[in-house]
Every structure is written in structure tokens, then in C-alpha cells.
Amino acid sequence: MKRIAIMIKRLAYHDSNVLIHGESGVGKERVAKLLHNTRFPKNAHKHPFIAINCGAIAENLIESELFGHEKGAFTGADRQHKGVFERAFNGTLFLDEIGEMPLAMQVKLLRVLQERILYRVGGETPIEIHVNLVSATHQDLEQHIMEGLFREDLYYRLAVFNIQIPPLRERIEDILPLAEQFLSEFTPPKGGGAYVLSQQAKTALLTYAWPGNIRQLKNILQRAVIMSDGRTINADALNLNIQSNEQLASDKHLSDYIALCERGYIVSTLEQFHWKIGETAQSLGISRKNLWEKMRKLNIQHNSST
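Right, let's walk through the structure included here. (Residues numbered from 1 in each chain as written. Predicted model: local features only at pLDDT ≥ 70, side-chain atom pairs only at ≥ 80, totals over all residues. Heavy atoms only, no water.)

## Looking at the pattern of salt bridges
- In total, this model carries 9 salt bridges according to the counting rule given.
- Note that Glu-86 and Arg-120 form a salt bridge whose closest N and O atoms lie 2.8 Å from each other. A residue pair is termed long-range when its members are at least 10 positions apart, and Glu-86 in helix H4 (residues 84-87) and Arg-120 in the loop between strand S4 (117-118) and strand S5 (127-128) qualify at 34 residues.
- Glu-86 sits in the buried class, given a relative accessible area of 16%.
- Glu-115 is paired through a salt bridge with Arg-111; the nearest N and O atoms lie 3.4 Å apart. With Glu-115 and Arg-111 both in helix H5 (residues 103-115), this residue pair falls 4 residues apart, about one helical turn.
- For Glu-115, a relative accessible area of 37% puts it in the partly exposed group. (Salt bridge = Lys/Arg side-chain N within 4 Å of Asp/Glu carboxyl O. Helix = DSSP H or I, 4+ residues; strand = E, 2+ residues; numbered from the N terminus. Buried < 20%, exposed > 50% of the residue type's maximum accessible area, 1.4 Å probe, protein only.)

Written out as C-alpha cells, the structure reads:
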């Protein structure tokens, strides 16, 4: 994730098309918004961020959603409609699930990207486009190209720069910081301090496989907040189905998985105590020497969390 942050800072100075890869729920739109905010830190109202899910639009409507239509262009078109390319003028257009786009629409999109102009459905006036295009997919587009499901020329237009977001199970040290961030966004009952996780709840979060990634993490915490009587979130309130870890266990040796979980828990505890070894060791119930040995064995350094 640190490498991705560096990529975003560099991309902010360029208008290259970006393609984000990652499993569903991994945070592709969050990365796209971060890139947008880094590119346009001021005057946000002059630089819109428009997102559209290509897989959620009927095939006969997607051209109108992308490029707009003129009044009377088809039955039901009782007024002019601007598509997302126009509405994202001088900003960012995020095309989510680009792999779901029909082949016929891929041809039209490629033409627009090549010529930098579009025509509304039923229109004859060329309209110049001025957008930073970011696309995303959870699919293997190169495999789709081989199967004839995605155009190779469009792929290279979209993927001038690629960003691969790893699933949450492969960055265990991010789980607790993300959980604490989400909990801070929820309003605690009758004021008071923010919601906190019990040690058992932290362990449960770290040992879960997270097939739904960050989206699932947020949803589970939101449900846990509702089910909890106080500000402390216990493991029972998380109601995690440990059976979902079977797939993860099949991909890793048990010792590797335990090491990943241990590393993530130690890093999160070090961050909690601002990397003070004595306080961290006391919280973990081990000696300072034992903590140093574990940090060396698990390759934990002061910047491990980033």
C-alpha cells in the first residue's frame, strides 16, 4: 500500500489513463478518489469525480449513460441528457467493472478515447472531452482478451498505468488500523468516547480470511456496533464465520498463516503504543527480549505498517 501511495503522488502530475485491478470490495474506488483528490487538492467543485458501474447498466442504456443523448433520440428520451463523460468535465471519470462492458460498446469507447470527442446518441454535434479516466476491474482482462471478450486495443488505451491492489488477507497489518478508522466514523451511544475493540475482537479480525475485503470489514463492524451494548466491541458481536478461512488455509501452510497473523497483531500493538517496546511487550504479555526476537524473525521495522 505504501508503493501504491507513491504511485498516486507521481500520477497526480500526469493525465495518463489508469487501470486499477483488485478483488471486489478491496477499495478500488477509494484509490481512484485518492488519486482524484491528489490531482485536484483545491477548487473541488470545478473538478468533479463521477463514478459509474459498467456492469450495473443495461446494455441498451450504457451508450446513453456514457455519452448522453438528445431529446427524441429514442422512445422515452423526452429531454436532453448529458452522459458521464460530459459531467466529469475537467475532473475524473471512474469506470468501475470495465470488464463487464459489452464488446459493441468497447468499440465506441475506444473511438472516443482515440479522437477525444463524442457524439450524444441522436446528436450530430461533436463534443470535446476533458477528463482524467480511471477504470477498474476485478477480472483478468488479459485472459478476457485471449477469450475474445475484451478488445486488446482498448485494454492498452485504458491501462497506460496499472495499479494492483492486494486483497485484505495479504496485508494483515492494515486490518486493525482500518477497523479503528471505520469505528471512529460511527457515532457512539449517548456521547462519550469512540468505539474500541476488545483483545479477543482484534484477534478474531486478524485471523479471519476476509473474502469480501474492506467492504466486508466495514459492514461487519457496522453490524457489531448495532449489536453491542456499550462502546467495547467484543468478538461475539463480530459474528465472524471462521469457516470462510478454509480457502485461505488451503492456499498457505499453517505456519505461514500463523506468522502473518502474529506479525499483523504485533505491528498494530506497536502502533498503538507509538513503537515503545516496553509498553508494547507488557501489553502483549511477553518480555522486551522476546518482542525484539519476534520483530527480527518477522522482519518488523519501524515503517512496517506503511
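Back to the write-up after that little detour.
## Description of the side chain of Lys-28
- Topologically, Lys-28 is positioned in helix H2 (residues 28-39).
- One buried charged side chain, Lys-28, makes no salt bridge at all; its nearest oppositely charged neighbour is Glu-97, positioned 4.5 Å away.
- A polar contact is formed between the side chain of Lys-28 and the backbone oxygen of Gly-22, at a distance of 3.1 Å.
- For Lys-28, the side chain forms a polar contact with the main-chain oxygen of Glu-23, separated by 3.0 Å.
- The residues touching Lys-28, leaving out its near neighbours within four places in the chain, are Ile-20, His-21, Gly-22, Glu-23, Phe-94, Asp-96, Ala-136, Thr-137, His-138 and Ile-165. (Lys, Arg positive; Asp, Glu negative; His and termini not counted. Polar contact = N/O pair within 3.5 Å; in protein donor to acceptor, adjacent residues only side chain to side chain. Contact = heavy atoms within 4.5 Å.)

## Brief notes about the packing of helix H14 (residues 277-284) against helix H15 (residues 288-297)
- In the contact formed by H14 and H15, the axes pass within 9 Å of each other and the chain directions differ by 95°. In terms of axis orientation, H14 runs roughly perpendicular to H15. For the pair formed by H14 and H15, the contact residues are Ile-277, Gly-278, Thr-280, Ala-281 and Leu-284 on the first element and Arg-288, Leu-291, Trp-292 and Met-295 on the second.
- The class makeup of the residues in the contact of H14 with H15 is 6 nonpolar, 2 polar and 1 charged. (Axes fitted to C-alpha atoms, helices over the stretch in contact; angles between N-to-C directions. Parallel < 35°, antiparallel > 145°, perpendicular 65-115°, else oblique. Nonpolar A, V, L, I, M, F, W, Y, C, P; charged D, E, K, R; others polar.)

## Some details on the packing of aromatic side chains
- Counted by the stated rule, this structure contains 4 aromatic pairs.
- Where Phe-49 meets Phe-94, the ring centres are 6.2 Å apart and the plane angle is 25°; that geometry is what we call stacked. Of the two residues, Phe-49 is situated in strand S2 (residues 49-53) and Phe-94 in strand S3 (residues 91-96); the sequence distance between them amounts to 45 residues. (Phe/Tyr/Trp six-rings, centres within 6.5 Å; stacked < 30°, edge-to-face > 60°.)

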